[in-house]
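Observations on chain architecture
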There are 2 protein chains.
Amino acid sequence: MNIKIEKLIKQFAKLPRVGTRAATRIVIGLLQDKTGRAESLANALLDASKSIHPCSVCGVLTDGDVCEYCSDSVRKNGQLCMVRDLSDVLVIEKSGVFHGRYHVLGGSLSGVNGVTPDDLNIANIPARIKNENIEEIIFALPNTVEGKTTQQYIISSIGNMGVSFSELASGVPLGGDLDYIDDGTLTLAFGGRKKL
Amino acid sequence: MNIKIEKLIKQFAKLPRVGTRAATRIVIGLLQDKTGRAESLANALLDASKSIHPCSVCGVLTDGDVCEYCSDSVRKNGQLCMVRDLSDVLVIEKSGVFHGRYHVLGGSLSGVNGVTPDDLNIANIPARIKNENIEEIIFALPNTVEGKTTQQYIISSIGNMGVSFSELASGVPLGGDLDYIDDGTLTLAFGGRKKL
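Residues numbered from 1 in each chain as written. Chains lettered and ligands numbered in written order. Predicted model: local features only at pLDDT ≥ 70, side-chain atom pairs only at ≥ 80, totals over all residues. Heavy atoms only, no water.

**Re the relation of the copies chain B and chain A**
This is how it is decided: A least-squares superposition brings the copies together, and it is based on the C-alpha atoms of residues with pLDDT no lower than 70 in both. Note on definitions: a residue-residue contact is assigned when non-hydrogen atoms from the two residues lie within 4.5 Å.
You can overlay chain B on chain A at an RMSD of 0.1 Å; the transform is a turn of 179° with a shift of 0.0 Å along its axis. With respect to symmetry, the two chain copies, as superposed, fit the operation of a two-fold axis. Proximity to the rotation axis, assessed at the C-alpha, singles out Ala 42 of chain B in chain B; its C-alpha lies 2.2 Å from the axis. By residue overlap, the copies meet face to face through one surface: 100% of the interface positions of chain B are interface positions in chain A.

Below, the structure written as structure tokens:
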């Protein structure tokens with residue numbers, strides 16, 4: 001096979017949920033397309049990778065200074081939902097169960113993968129609690145060892161600021177990603193969240 | 001969701017074998033990555049879409065004037081294998097059952113999708129038969145109505161040039177893509193090809 005095509009297939013095959021066979025189909029389909037889909041996809045990706053960055057307040061990906069959730073005056077203040085990344089925000093938004101503010105950590109603490117507190121969006125949480133009069137922090141992190149470790153680390157690093165902590169009720173399957181949960185289960189999990 | 005991200009997800013979701021959920025993961029993963037994977041993928045795609053084009057002889061995607069199959073002096077002349085696109089060439093090459101030359105049509109005739117003979121890489125087949133002393137044309141097109149229609153059209157348009165025609169033996173499941181066939185079945189299909 002042509003080396004350029006082979007390299008491109010390898011890059012596509014590294015994307016989440018895309019294997020070598022799907023990557024081959026994708027690349028050949030794009031390169032054979034005469035309507036310029038390959039270029040338009042590449043340009044959209046370049047444009048987004050230049051203009052999209054984490055929101056300066058909560059970490060949600062945005063092309064403005066502050067994201068649509070932080071700048072939305074209709075959303076309730078007082079509750080802060082901690083999630084791992086933007087896709088978890090999208091799942092929660094889709095279910096319509098939560099109307100407070102979000103905080104995207106950008107990952108979970110992990111000794112194996114070398115993710116330390118410095119790699120996560122943690123530093124400005126105390127400032128947010130003060131500025132936004134946060135009364136409750138709801139942890140909606142993955143129900144894994146890494147997720148629980150991260151949760152525990154944040155609770156101990158915040159200390160006694162008069163804020164209460166809760167986590168989603170069971171309903172989130174052990175070892176599961178928020179990505180794969182149906183809206184009903186997610187609603188139950190929000191409703192039955194446990195005081196810590 | 002941010003409009004730019006939403007648009008990008010929609011573009012990724014249109015790729016073959018990628019749904020909306022996988023596209024969301026891919027886009028968020030790329031945009032959150034700090035090692036520049038999004039830009040490197042976009043640039044590789046832009047570069048390929050500019051430099052890759054069909055081989056002037058057989059239609060296989062290449063960045064040279066003539067592809068690696070046409071310029072390979074070790075391959076046998078005399079047999080020409082007609083396929084729909086490059087991914088079919090890759091499947092046949094992987095099985096190692098065929099050592100002749102290829103001809104990539106770039107699609108199948110289809111009234112429904114508005115694909116006419118002018119859209120396919122058909123015009124230079126008579127010239128190839130003469131120049132390359134082709135004795136046999138082997139059709140390895142999808143076993144569908146469109147594939148058979150295309151095959152019949154090519155046979156009648158070539159007419160009496162002293163070339164014999166064959167098609168892959170059954171073994172290719174009805175309605176199936178060459179992409180999903182194991183090497184053993186493909187070898188049987190080549191061995192048992194039928195004279196037309």
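Still more to cover.
**A look at the packing of helix H4 (residues 86-95) of chain B against helix H7 (residues 183-191) of chain B**
Relative placement of two packed helices is described by the angle separating their axes and the distance separating the axes. All names here are of chain B. Applied cut-off: Every axis corresponds to a line fitted to the C-alpha atoms, with the helix fit spanning only the stretch in contact, and the corresponding angles, defined between N-to-C directions, vary from 0 to 180 degrees. Helix and strand labels come from DSSP, where a helix needs a run of H or I of at least four residues and a strand needs a run of E of at least two; each type is numbered from the N terminus. The cut-offs work like this: below 35 degrees is roughly parallel, past 145 is roughly antiparallel, 65 to 115 is roughly perpendicular, and the gaps in between are oblique. Gly is put with the polar residues, along with every residue not named as nonpolar or charged; the nonpolar set is Ala, Val, Leu, Ile, Met, Phe, Trp, Tyr, Cys and Pro, and the charged set is Asp, Glu, Lys and Arg.
As a packed pair, H4 and H7 sit with axes 9 Å apart at the nearest point and diverge in direction by 90°. Comparing the axis directions of H4 and H7 gives the class roughly perpendicular. Across from Val 91, Ile 92, Lys 94 and Ser 95 in H4, the residues of H7 making contact are Asp 183, Leu 186 and Phe 190. Here the residues of the contact of H4 with H7 are counted per class, giving four nonpolar, one polar and two charged.

**Points about the environment of Lys 148 of chain B**
All names here are of chain B. Tracing the sequence through the fold places Lys 148 in helix H6 (residues 145-158). Counting along the chain gives 78 residues from Lys 148 to Cys 70, while the straight-line C-alpha distance between them is 26 Å. If sequence neighbours within four positions are ignored, Lys 148 has contacts with Pro 142, Asn 143 and Glu 167.

**A word on the interface of chain B and chain A**
Inclusion rule: Simply put, the buried area is the total loss of 1.4 Å probe accessible area from both parts when two parts are fitted together. Think of a salt bridge as a Lys or Arg side-chain nitrogen and an Asp or Glu carboxyl oxygen that are within 4 Å of each other. By the criterion applied in these results, polar contacts are pairs of N or O atoms within 3.5 Å in which, for protein atoms, one can donate a hydrogen and the other can accept it, and in which residues neighboring in sequence qualify only through two side-chain atoms.
Contacts between the two partners involve 52 residues from chain B and, on the opposite side, 52 residues from chain A. A buried area of about 5,100 Å², summed over both sides, lies between chain B and chain A, and 64% of it is on carbon and sulfur atoms. When the buried area of chain B at its contact with chain A is split by residue, Lys 4, Arg 25 and Leu 45 of chain B rank highest and sum to 14% of it. In this assembly, chain B and chain A are joined by four salt bridges. For Asp 47 of chain B, the salt bridge is made with Lys 4 of chain A, and the minimal N-O distance between the two is 3.7 Å. Applying the counting criterion to the chain B and chain A interface returns twelve residue pairs in polar contact (both at pLDDT 80 or more). At 15 residues, helix H3 (residues 37-51) of chain B tops the list of elements feeding residues into the side of chain B that touches chain A.

**Let's talk about the pairing of strand S6 (residues 164-167) of chain B**
All names here are of chain B. Put simply, the rule is: Two strands are counted as paired when DSSP detects at least two bridges linking them. Crossovers are described as right-handed under a simple rule: with the strands pointing away from the observer, the path leading from the first strand over the helix to the second runs clockwise.
Strand direction decides the pairing type here: strand S5 (residues 136-139) and S6, joined by four bridges, are parallel. Residue pairing across strands places Ile 137 opposite Phe 165, the latter belonging to S6. The parallel pair S5 and S6 is bridged by H6, and the resulting crossover is right-handed.

**Some remarks on helix H6 (residues 145-158) of chain A**
Residues and elements named next belong to chain A. Threshold: What a helix is expected to span follows from its residue count: subtract one and scale by 1.5 Å.
End to end, H6 covers 20 Å across 14 residues, agreeing with the expected 20 Å (1.5 Å per residue, within 8%). Tucked into the core, H6 has its buried residues touching strand S3 (79-83), helix H5 (125-131), strand S5 (136-139) and strand S6 (164-167). Gly 159 sits one or two positions beyond H6 and adopts a positive phi of about 70°.

**Re the sheet that holds S6 of chain B**
Read across the sheet, five strands follow the order S4-S3-S5-S6-S7 (chain B) without closing on themselves; strand pairing throughout is mixed. Edge positions in the open sheet fall to strand S4 (101-104) and strand S7 (194-195) of chain B, since each of these has one partner strand only.

**Overview of the sheet that holds strand S7 (residues 194-195) of chain A**
All names here are of chain A. Within the open sheet, the five strands sit side by side as S4-S3-S5-S6-S7. Their pairing is mixed. In the strand order of this sheet, the two ends are held by strand S4 (101-104) and S7, each with one partner. Here four bridges tie S3 to S4, and the two strands are oriented parallel to one another. Bridge pairing links Leu 80 to Arg 101 in S4.

**Thoughts on the packing of aromatic side chains**
Residue and element names in this part refer to chain A. Our working rule: Only the six-membered ring of Trp is used, alongside the rings of Phe and Tyr, when aromatic pairs are assigned; centres must lie within 6.5 Å, and planes under 30 degrees apart are stacked while those over 60 apart are edge-to-face, with the rest tilted. When a residue's accessible area, from a 1.4 Å probe over protein chains only, is under 20% of the maximum for its type it is buried; when over 50% it is exposed; and in between it is partly exposed.
Summed over the entire model, instances satisfying the criterion amount to six aromatic pairs over all chains. Between Tyr 69 and Tyr 102, the ring centres sit 5.6 Å apart and the planes meet at 75°, which makes this aromatic pair edge-to-face. On the criterion of sequence distance, the pair formed by Tyr 69 in the loop between strand S2 (61-62) and S3 and Tyr 102 in strand S4 is long-range, its members being 33 residues apart. Owing to a relative accessible area of 1%, Tyr 102 belongs among the buried residues under this scheme. On the basis of an interplanar angle of 20° and a centroid distance of 6.1 Å, the ring pair of Phe 139 and Phe 165 is categorised as stacked. A residue pair is termed long-range when its members are at least 10 positions apart, and Phe 139 in strand S5 and Phe 165 in strand S6 qualify at 26 residues. Residue classification places Phe 165 among the buried positions, given a relative accessible area of 11%. Linked through ring pairs, Tyr 69, Phe 98 and Tyr 102 together constitute an aromatic cluster.

The analysis is restricted to geometry; functional conclusions fall outside its scope.
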